[in-house]
Amino acid sequence: MLRFIARRLLQLIPILFGLSILLFVWLRQLPGGPGRALLGERATAEQIEAINEQLGLNDSIFVQYWRFLSRVLQFNFGTSIQTGRPVTTEFFQRFPGTVELTLFAIAFAIILGIPLGYLAARRHGSFLDSASVVASLLGVTIPVFFLAYLLRFGFAVELGWLPGSGRQDVRLDATHPTGFFVLDGVLTREYDAALDAFLHLVLPGIALGTIPLAIIVRITRASVLDVINEDYVRTAESKGLATSTIRRRHILRNAMLPVATTIGLQTGLLLSGAVLTETVFAFGGVGSFIADAIGQRDYAVLQGFILILAVVYVLVNLLVDISYGLIDPRVRVR
Amino acid sequence: MLATGLVAVLAASACAESDREEPTGDGDTPSGGTLIFGAAGDPKVLDPAFASDGETFRVLRQIYEGLLTTEPGSANLVPGLASDLPEVSEDGLTYTFPLREDVVFHDGTDFNAEAVCFNFDRWLNFSGTAQNPGVTPYWQDVFGGFADTPDTPNIYNSCEATDEFTAEITMNVVTSRFPAALSLPSFSISSPAALEEFEADNVTGSGDAPTYPEYAMEHPTGTGPFKLDNWDLANGAITIVRNDDYWGETAILDEIIFRTIPDGNTRKQELEAGEIDGYDLVAPGDYTDLEDNGFDVLPRDAFNILYLGMNQGAWEGAAAAGINPALADIRVRQAIAHAVDKESIVSSQLPDGAEAAIEFMPPTVDGWTEDVTVYDYDPERARQLLEDADAVGTTLKFYYPTDVSRPYMPDPGAIFEVISQNLQDAGFAIEPVALTWNPDYLEATANGLADIHLLGWTGDYNDAYNFIGTFFDAKAGGIGKLDFGGYNNEELFTAFAEADSEPDPAVRTGLYEALNAQIMDFLPAVPVSHSPPALVVADNVEGLVPSPLTSEDFSTVSLTS
Amino acid sequence: MTGIDLGKKERIDRLAELTATGPDQGGVSLTRDALRRLRRNPVALLGAFLVFIFVFVAAFAPLLAPKDPRTLYLLREVRPNFIPGSREGFPLGVDNLGRDELSRLILGSQQSLLIGVVSTIMGLVVGMGFGILAGGLGGKIDTVVMRLVDIMLSIPGLLMAITVALLLGFNQFSIMVAIAVTQVPIFARLLRGSMLAQRNSDYAVASRCLGVPQRKIIFGHVLPNSVSPVIVQATLSLATAIIEAAALSFLGLGNADRAIPEWGSMLAEAQDFLTVAPRLAFYPCICIVIAALGFTLLGEALREALDPKFRR
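Residues numbered from 1 in each chain as written. Chains lettered and ligands numbered in written order. Predicted model: local features only at pLDDT ≥ 70, side-chain atom pairs only at ≥ 80, totals over all residues.

### Some details on the overall build of chain C
Right, so step 1: Within chain C, the regular secondary structure consists of 12 helices and zero strands.
Right, so step 2: The helix and strand sequence of chain C, counted from the amino end, reads α-α-α-α-α-α-α-α-α-α-α-α.
Right, so step 3: Buried positions account for 62% of the 312 residues belonging to chain C.
Right, so step 4: In chain C, the proportion of contacts linking residues at least 24 apart, taken out of those at least 6 apart, comes to 76%. (Helix = DSSP H or I, 4+ residues; strand = E, 2+ residues; numbered from the N terminus. Buried ≥ 20, exposed ≤ 12 C-beta atoms within 10 Å, placed from the backbone. Contact = placed C-beta atoms within 7 Å.)

### Observations concerning the overall build of chain B
Right, so step 1: Counting its secondary structure elements, chain B contains 16 helices and 21 strands.
Right, so step 2: For 561 residues, the compact-globule estimate of 2.2 N^0.38 gives 24 Å, and the C-alpha radius of gyration of chain B, at 25 Å, lies within 12% of that figure.
Right, so step 3: Taken along the three principal axes of its C-alpha coordinates, chain B extends 80 × 55 × 50 Å.
Right, so step 4: Taking all 561 residues of chain B together, 58% fall into the buried category.
Right, so step 5: Excluding contacts between residues fewer than 6 apart, the proportion of contacts in chain B whose partners are at least 24 apart in sequence is 70%. (Rg over C-alpha atoms; globule rule 2.2 N^0.38 Å.)

### Observations regarding the nonpolar core
Side chains of a nonpolar character, in soluble globular proteins, are inclined to be buried together.
Right, so step 1: Counting residues in each nonpolar core, the largest one holds 364 residues, and the members touching the most others are Leu308, Ile336 and Ile468 of chain B together with Ala165, Leu267 and Ile288 of chain C.
Right, so step 2: Counting residues per element, this core draws most heavily on helix α9 (residues 191-228) of chain A, which supplies 19 residues. (Core = buried A, V, L, I, M, F, W, Y, C linked by C-beta atoms within 7 Å.)

### Some points on the domain arrangement of chain B
All names here are of chain B.
Right, so step 1: Per the domain assignment, the segments making up chain B are domain 1 (1-62 + 224-300 + 534-561), domain 2 (65-205) and domain 3 (304-530).
Right, so step 2: Distance between the C-alpha centres of domain 2 and domain 3: 33 Å.
Right, so step 3: Opposite the 13 residues of domain 2 that make contact, domain 3 presents 11 residues.
Right, so step 4: The residue inventory of the side of domain 2 that touches domain 3, partitioned by class, reads seven nonpolar, five polar and one charged. (Domains from an automatic or database assignment. Nonpolar A, V, L, I, M, F, W, Y, C, P; charged D, E, K, R; others polar.)

### Notes on the environment of isoleucine 290 of chain A
Residues and elements named next belong to chain A.
Right, so step 1: Tracing the backbone through its elements, the reader meets isoleucine 290 in helix α13 (residues 286-296).
Right, so step 2: Taking the number of C-beta atoms within 10 Å as the measure of exposure, isoleucine 290 has 27 and is therefore buried.
Right, so step 3: C-alpha separation for the pair isoleucine 290 and aspartate 192, spaced 98 residues apart in sequence, amounts to 30 Å.

### Concerning the sheet that holds strand β5 (residues 94-98) of chain B
Residues and elements named next belong to chain B.
Right, so step 1: In space, the four strands of this open sheet follow the order β4-β5-β7-β6, with antiparallel pairing throughout. Two strands close off the open sheet at either side, each with one partner strand: β4 (87-88) and β6 (156-163).
Right, so step 2: One ladder, built from six bridges, connects β6 with strand β7 (residues 166-171); its direction is antiparallel. Along β7, the bridge assignment pairs alanine 161 with alanine 167.
Right, so step 3: Sheet strands touched by helix α3 (residues 113-124): β6 and β7. Its angle to β6, the strand with the most contacts, is close to 165°. (Pairing = 2+ DSSP bridges. Axes fitted to C-alpha atoms, helices over the stretch in contact; angles between N-to-C directions.)

### As for the sheet that holds strand β10 (residues 255-260) of chain B
Residues and elements named next belong to chain B.
Right, so step 1: On the basis of which strands lie adjacent, the open sheet formed by seven strands has the order β8-β9-β10-β1-β11-β19-β12 and mixed pairing. Where the open sheet ends on each side, the last strands, each with one partner, are β8 (226-232) and β12 (296-299). The sheet shows a mean angle of 20° between the axes of neighbouring strands, direction not considered.
Right, so step 2: Bridge count between strand β1 (residues 34-39) and β10: six bridges; the pairing is parallel. Across the sheet, glycine 38 pairs through a bridge with arginine 259, a residue of β10.

### Quick word on the pairing of strand β16 (residues 429-436) of chain B
Within a regular beta strand, the side chains point alternately toward one face of the sheet and then the other, so they alternate between its two faces.
Residue and element names in this part refer to chain B.
Right, so step 1: Counting buried positions along β16 gives six out of eight residues, so the element sits mostly inside the fold.
Right, so step 2: Taken together, the eight bridges between strand β15 (residues 395-402) and β16 define a ladder with parallel strand orientation. Across the sheet, the residue bridging to leucine 396 is isoleucine 430, located in β16.
Right, so step 3: A crossover connection joins β15 to the parallel β16 through helix α12 (residues 412-426); in handedness this β-α-β unit is right-handed. (Right-handed = clockwise from strand over helix to strand, strands pointing away.)

### Description of the environment of glycine 294 of chain C
Residue and element names in this part refer to chain C.
Right, so step 1: Structurally, glycine 294 can be placed in helix α12 (residues 279-306).
Right, so step 2: Along the primary structure glycine 294 and leucine 280 are separated by 14 residues, whereas in three dimensions their C-alpha atoms are 22 Å apart.
Right, so step 3: If near-sequence neighbours (up to four positions away) are discounted, glycine 294 is found in contact with Gly47, Leu50, Val51 and Phe54.

### Let's talk about the packing of helix α6 (residues 127-141) of chain A against helix α3 (residues 42-59) of chain C
Geometry of a packed helix pair, given as the angle between the helix axes and the separation of the axes.
Right, so step 1: Put simply, α6 of chain A and α3 of chain C touch, their axes get as near as 9 Å, and they point 50° apart. With respect to α3 of chain C, the axis of α6 of chain A lies oblique. Together, Phe127, Asp129, Ser130 and Val133 of chain A of α6 of chain A and Pro42, Val43 and Leu46 of chain C of α3 of chain C make up the contact between the two elements.
Right, so step 2: When its residues are assigned to classes, the contact of α6 of chain A with α3 of chain C shows five nonpolar, one polar and one charged. (Parallel < 35°, antiparallel > 145°, perpendicular 65-115°, else oblique.)

### Some points on α9 of chain A
All names here are of chain A.
Right, so step 1: For α9, spanning 38 residues, the distance from its first C-alpha to its last is only 46 Å, which falls clearly below the expected 56 Å at 1.5 Å a residue.
Right, so step 2: Residue glycine 205 marks the point of greatest curvature in α9, where the axis turns by about 40°.
Right, so step 3: With respect to burial, α9 is a largely interior element, 31 of its 38 residues being buried. (Expected span 1.5 Å × (residues − 1). Bend = angle between axes of the 7 residues up to and from the residue.)

### What about unusual backbone geometry?
Residue and element names in this part refer to chain B.
Right, so step 1: Following phenylalanine 178, the chain continues to proline 179 via a peptide bond in cis, the omega torsion being 10°.
Right, so step 2: Of note, proline 179 is situated in the loop between β7 and α5 (192-197).
Right, so step 3: Even without a glycine there, the phi angle at glutamate 199 is positive, about 50°.
Right, so step 4: Inspection of the secondary structure assignment puts glutamate 199 in the loop between α5 and α6 (214-217).
Right, so step 5: The phi torsion at aspartate 390 lies on the positive side, around 55°, for a residue other than glycine.
Right, so step 6: In this fold, aspartate 390 is placed in the loop between α11 (379-388) and β15.

### Description of the confidence of the model for chain C
The predicted coordinates ought not to be read in detail in places where the model reports low pLDDT.
All names here are of chain C.
Right, so step 1: Of all residues in chain C, 88% have pLDDT values of 70 or greater, and the mean over the chain is 83.
Right, so step 2: Ranking the helices and strands of chain C by mean pLDDT puts helix α11 (residues 263-270) first, with 93, and helix α1 (residues 9-19) last, with 57.
Right, so step 3: Counted against residues more than four places away or in other chains, residues 1-8, with its pLDDT under 50, gives 41 contacts.
Right, so step 4: Interface predicted TM-score (ipTM) for the complex: 0.83; the corresponding pTM is 0.86. (pLDDT = per-residue confidence, 0-100.)

### Focus: the packing of α3 of chain C against helix α5 (residues 101-137) of chain C
Residue and element names in this part refer to chain C.
Right, so step 1: In contact at an axis separation of 8 Å, α3 and α5 are set at 105° when each is read in the N-to-C sense. Comparing their axes, α5 and α3 come out roughly perpendicular. Packed against α3, whose contacting residues are Phe54, Val55, Val57 and Ala58, the element α5 presents Ile106, Ser109, Gln110 and Leu113 at the interface.
Right, so step 2: Here the contact of α3 with α5 is built from residues that sort into six nonpolar, two polar and no charged.

### Some words on the environment of glycine 264 of chain B
Residues and elements named next belong to chain B.
Right, so step 1: Here glycine 264 lies in helix α7 (residues 264-272).
Right, so step 2: What makes glycine 264 buried here is the crowd of 20 C-beta atoms within 10 Å.
Right, so step 3: For the pair formed by glycine 264 and alanine 40, sequence separation is 224 residues and the distance between their alpha carbons is 7.7 Å.
Right, so step 4: For glycine 264, the contacting residues outside a window of four places in its chain are Leu281, Ala283 and Ser405.

### Things to note about the confidence of the model for chain B
Residue and element names in this part refer to chain B.
Right, so step 1: In the predicted model, chain B carries a mean pLDDT of 89, and the fraction of residues at 70 or more is 94%.
Right, so step 2: Counting contacts from residues 1-15, a segment whose pLDDT is below 50, to residues more than four positions away or on other chains yields seven contacts.
Right, so step 3: Every residue in residues 24-28 scores below 50 in pLDDT, and together they form zero contacts with partners more than four places removed in sequence or on other chains.

Following this line, the structure appears as structure tokens:
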């Protein structure tokens, strides 16, 4: 097991190296540059030239890459052009928000998706089957910026039940020792702040959760169908075992393996930042910041964020693989 | 890494303690409540010398003041920290500012003539990264270079504290920009003590970006009616609180929180849900709906211009870049001017109060005149002109920006589509090119790549040169902007130089009127419209006076229950 | 992040494994059997019905559209707070520029379908190229190609699409490429997984023992038997592409030529008029939902039909 983990971690090195080169070259192909982005419509040509010179953007790309690489090896990703603060600071300020949002979205998808998928499989081919599949897809087929508007219109404007944007009511003046706002509220016993932060997760969480929801319903349905047709289930049936026992012991448990994997992988994916969802909900996570960074040609932020996110992605995948091996004895970890 | 995160959380939990301030029932100060205002973007930096964008200005205008300011609700210059408008010497080079004597900075130090000169000297002596045009754009735009950059001359000469409350500022040349430019937030006066304590000039960062010092991020210290309380980047909020020691009328509100909500629909919905008390950049289509629902829409006077730039392709390499030479022919430019249906654009796409433009500055600016050639919507005439020029079927690369809403151009795509159809009706062929606003679009148009393009401008202060000089005066290399094809119109450039350096305001106004007529005959672009941008507030918000320069003062704002 | 198919390795691999099981052992042809089961599946029927409507409208759009979609018919009546609704000659009203909404919706189906089909084909071709390289040759090449695919997967899909659109300019073609790029790693992984499964299947091993050349085994046996999961994924990615096009438009990266109607850009542009004319958003949104649902349901049903486990 340890060797397996070590090998997977070693594989991370070429991935990161390749990714860094790819990003570096790729981003610098984008038209325009930070010089113009910094100055906007009031810039003159000389000003832009001066800024590019000052930022070292006129050096050859090899020189620039070498500079970048030597800094990254010291865990220094440079500073953001937009805010003038270190990229790592920006990242760890925003990442907790994305983590909270992801966890909520995944929880929403699981709570709704597994029963829906199971139901669809049990009633395979019925109207209920089609209805469950269609229902699980509706959310994800509405482009998220409009879905956000509809959700907010219903739950924030008309009903007034839920906050429609941001991470926490700014009036609360809450304390944030960790940056995970819900956790912060609990730790500091500011329970109103914790509740408020949680409520702020609901609408963006649902909007984002439609993606894993659609997938979890499909996988649950498919793998329950799979298991139902397995020999051991038929054996159990012919043995005359109680239906509830079969369902619990044989069907659900075995069908959950691929579902668990899907959940893990979806988590890894959502963690890389929901660019649109975070932007339309003014939710201060990594996704909305990345979107701004593209607009501003904030190379340092783009490179730093994507590299760190790639590490997170690979680590989450690794955890999924390890846990898969633990859950399912058939999968030998090589 | 997850493990480290866990350790950090555990460590934090061990010492997690609420540091909330309990509301203090202090009997002396009236409770004015909290106003939450929805902004479209985060402020960038809190040192005014380094600021240049609207969102940053909005916050800084509450914290800082300059020597001059503008009258609430207009673009007229009035004294700010100066007790009166400056006395100007006969040669127009020396400005004597009498100063207010009852002003203290937020850190308790006194405001006086030495503080004023300290700030001017600071600006002049910026070095290193602070000389970056992205860091100090307005200083460089208005005053030129720095003390140690002899190659880039600056028009500011010196500042002298002739007595405790009199500052004498001497310029190197006469320009219509000064002293009007002093009303810009960028030239606000900071506390010299705080500047030194928090190393305000220590702008570092090589390689990728400037890193601002503590002063600019955490300790802005001015004289304004509000002071900074907290800048919470993770939650996209900046909180300012009332300055009880303000020299003038103290503010009514206890605090203002500016919340960043980038999406326009989200801002509107949050206002409707009662989560915010007001926001800026209201979509024209929402005015009526908001008013019907009891909100107060506050339109500002239109202090802007939207124009359709035309590239005459006079710059070297224009042909190689594929610029259509047809636009060098005045008849083709006139055809375009007659083809554009300005009235339809104004009535269908722009808010109430918008008007079609006949020249490149709004009527409120000194120098505007009716006496210019007016190009009415006349497709027949356009077609005829095109035939005369033997240019029917000319293909124009028409550039327009996406993903942006400017005060003068709420929906660029729609305006583009109308003009595009107009031009096709008149006999042009259109090749559409869309780019994201910043930096791509601005870069492409500034490099002269568009045959025709949409762009505009909101004035910084009441000065004709700030409009037409910015667009049409000679730039680097002694030619006009590449946006318009880098024409070389000596006559025009001489007229600009003459008007800008005229010290007598009345004579200057006359010169600018003549210039406007000259420009409309030369027709380097088609003026399209002036559009009034609006703010909206909940109906319990009183006292917010919309400013044409978008420089609203929140100190007069109160909340009724 | 907009897609349904934010390519999940495991799910992809699993799909590959599910649908790539051995050659037909019964008497009925695999295809015919699949079709038979497809007809009995209500999900499939619904999906096929929706897709049929969509394709039909797209194919005959110029004939079906009552008016020219570009002409600014009622521009002079449009006000910022008033956009003329349904009236004679304009059954669904006009948009913010006074153009006929119905005609734009009908012709919009063409562009949406085009974006979906072309971007899927591009993603498919390149992705399959990678997949064949990796799954067919194996060894070092497999490792290198799959690391590359992993790198692509670890970059958020929309982010990649945005940078591609910025690079290539805002036109129909660049939107297609942008969306295709996000599909490449998904197809590559899928095909490779399914080819690996096939390569170790009994018949492939048997051929190898009989001395059939490697290349012939791959192109003659392994590949044809591995494409079914890819075909299924392709139907799903048609839906993703249409939704993703809307996201790109919303971010201001849509087609520069505003006269050409496309559902995604219509929905994105309508965001500015939600209070004045919410219908301008609902119409294209409903169209997108129907088309995306149709493709997804059909793909899902196809997958089930091709899975021999479901043969009774």
